[in-house]
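Architecture and fold: a report
Here is how the chains run, residue by residue.
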Amino acid sequence: MIRLKNDKQIAGIRKSCHLLADLFKAVVPEVKAGMSTRDIDDLCVDFIVKHGGKPAWYQEDFDGAACISINDEVIHGIPSRHRKIHNGDIVSLDIGIDLNGYISDSAMTIPIGNVSDDAKRLMKVTKECLAAGIAACKPGNRIRDISVAVAAVAEKAGYGIVYDFCGHGVGLDVHEDPSIPNLPLPGPNPRIQPGMVLAIEPMINIGTGDVCQLDDGWTIVTADGKLSCHEEHTVAVFADHTEILTARD
């Protein structure tokens, strides 16, 4: 069931999203080669707790405030003291905050030091996929319009689109209806309405869109070992516009 949010709920979700945007602005400049992924997660936890929130992923028994995924890891990388980041890596940070019961969700992929031209292009195109998906997210359109917009950008670049995982509703819980695939698939195709709060999140791979899950039960990697990139914003739909609640600009 899709839960349409009222003005009070959207105001609470917006506050959570703005705090998450501030977290990215504070933490990303601190991420350097040689850090462990748990070091990065500690920065996120400290920021969230200091500002009166809770890591949203704790609701799903995930051991961290941030899913930290490196190179061929698509999503759900578990923070670890033993997992170091290195010059040339690309690192996805997927973070959610529970602020007074209102949930925010956003992700970005950042370069560490000198990354390859292939990695730079992948990151650029994935951001363009997100922008295209958000542009298609407006009242009167359907969820599949978002999928079509994301897929068109990725396919033009010759990239694989992760189809086993997708965007979703958000705001009162971490994952809500509707699901938002990153390419048009059979299934429900609800109309976009004012009051929807959605997490749009392209997961784009240099190679195949096929993925595998590691034995840790969380980490998702590309099936061919090639690079993956993840970008995500939480947006709220109004009668006359769509607001990017987690905008970092």
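Structure: above.
Residues numbered from 1 in each chain as written. Predicted model: local features only at pLDDT ≥ 70, side-chain atom pairs only at ≥ 80, totals over all residues. Heavy atoms only, no water.

So, on to the sheet that holds strand β13 (residues 228-230). With respect to topology, three strands assemble into an open sheet ordered β6-β10-β13, the strand pairing being antiparallel. Unpaired on one side and paired on the other, β6 (160-161) and β13 mark the two borders of the sheet. Both strand β10 (residues 203-205) and β13 contribute to a ladder of three bridges, which runs antiparallel. When the bridges of β13 are listed, M203 appears paired with H230. (Pairing = 2+ DSSP bridges. Helix = DSSP H or I, 4+ residues; strand = E, 2+ residues; numbered from the N terminus.)

This part covers the sheet that holds strand β14 (residues 233-237). Note: strands within a sheet are paired through backbone hydrogen bonds, in either parallel or antiparallel orientation. Sheet architecture is open: five strands sit in the order β8-β7-β9-β14-β15, paired in antiparallel fashion. In the strand order of this sheet, the two ends are held by β8 (176-180) and β15 (242-244), each with one partner. On average, adjacent strands in this sheet sit at an angle of 25° to one another, irrespective of strand direction. When strand β9 (residues 197-200) meets β14, the two strands line up antiparallel, connected through four bridges. Considered in β14, the bridge of L198 is made with V235. (Axes fitted to C-alpha atoms, helices over the stretch in contact; angles between N-to-C directions.)

Residue placement: A149 occurs in helix α4 (residues 143-156). A149 gets classed as buried once you look at its relative accessible area, which sits at 18%. Taking the C-alpha atoms as reference points, A149 and G133, separated by 16 residues in sequence, lie 5.4 Å from one another. Those residues in contact with A149, other than ones at most four positions away along the chain, are A132, G133 and A136. (Buried < 20%, exposed > 50% of the residue type's maximum accessible area, 1.4 Å probe, protein only. Contact = heavy atoms within 4.5 Å.)

With omega at 0°, the peptide bond leading from D177 into P178 counts as cis. Relative to the helices and strands, P178 resides in strand β8. The phi torsion at N71 lies on the positive side, around 60°, for a residue other than glycine. In this structure, H76 takes a positive phi of about 70° despite not being glycine. Here H76 shows up in the loop between β3 (73-75) and β4 (90-99).

Each pair of packed helices can be summarised by the angle the axes make with each other and by the distance between the axes. One can describe the packing of helix α1 (residues 7-27) onto helix α2 (residues 37-50) by two numbers: an axis separation of 10 Å at closest approach and a directional angle of 135°. If you check the angle between α1 and α2, you find them oblique. By crossing handedness, the relation of α1 to α2 is classed as right-handed. Contacts between α1 and α2 involve L19, D22, L23, A26 and V27 from the first element and I40, L43, C44, F47 and I48 from the second. Its residues placed into classes, the contact of α1 with α2 shows nine nonpolar, no polar and one charged. (Parallel < 35°, antiparallel > 145°, perpendicular 65-115°, else oblique. Left-handed = near helix turned anticlockwise from the far one by under 90°. Nonpolar A, V, L, I, M, F, W, Y, C, P; charged D, E, K, R; others polar.)

Moving on, we come to the side chain of T126. By the element assignment, T126 lies in helix α3 (residues 117-135). Each residue touching T126, except ones within four places of it in the same chain, is listed here: P202, I204, C229, H230 and E231.

As a further point, take the pattern of salt bridges. Tallying each qualifying case throughout the model produces 11 salt bridges. Of the charged contacts, one joins R3 and D173 as a salt bridge, the two residues approaching to 2.5 Å between their closest N and O atoms. One end of the pair, R3, is in the segment before α1; the other, D173, is in the loop between β7 (167-169) and β8, with 170 residues separating them in the sequence. Judged by its relative accessible area of 29%, R3 is partly exposed. (Salt bridge = Lys/Arg side-chain N within 4 Å of Asp/Glu carboxyl O.)

Quick look at the nonpolar core now. Counting 28 residues, the largest nonpolar core has C137, I146, I192, L198, I200 and I204 as its most contacted members. Taken together, the elements giving at least two residues each to this core come down to α3, α4, β9 and β14. Here this core gets seven residues from one element, more than from any other, and that element is α3. With near-sequence residues (within four places) excluded, C137 lies in contact with I146, I192, L198, I200, V235, V237 and T242. Counting residues in hydrophobic clusters, the runner-up holds 25 residues, among them L20, L23, V91 and M108. (Core = buried A, V, L, I, M, F, W, Y, C linked by side-chain atoms within 4.5 Å.)

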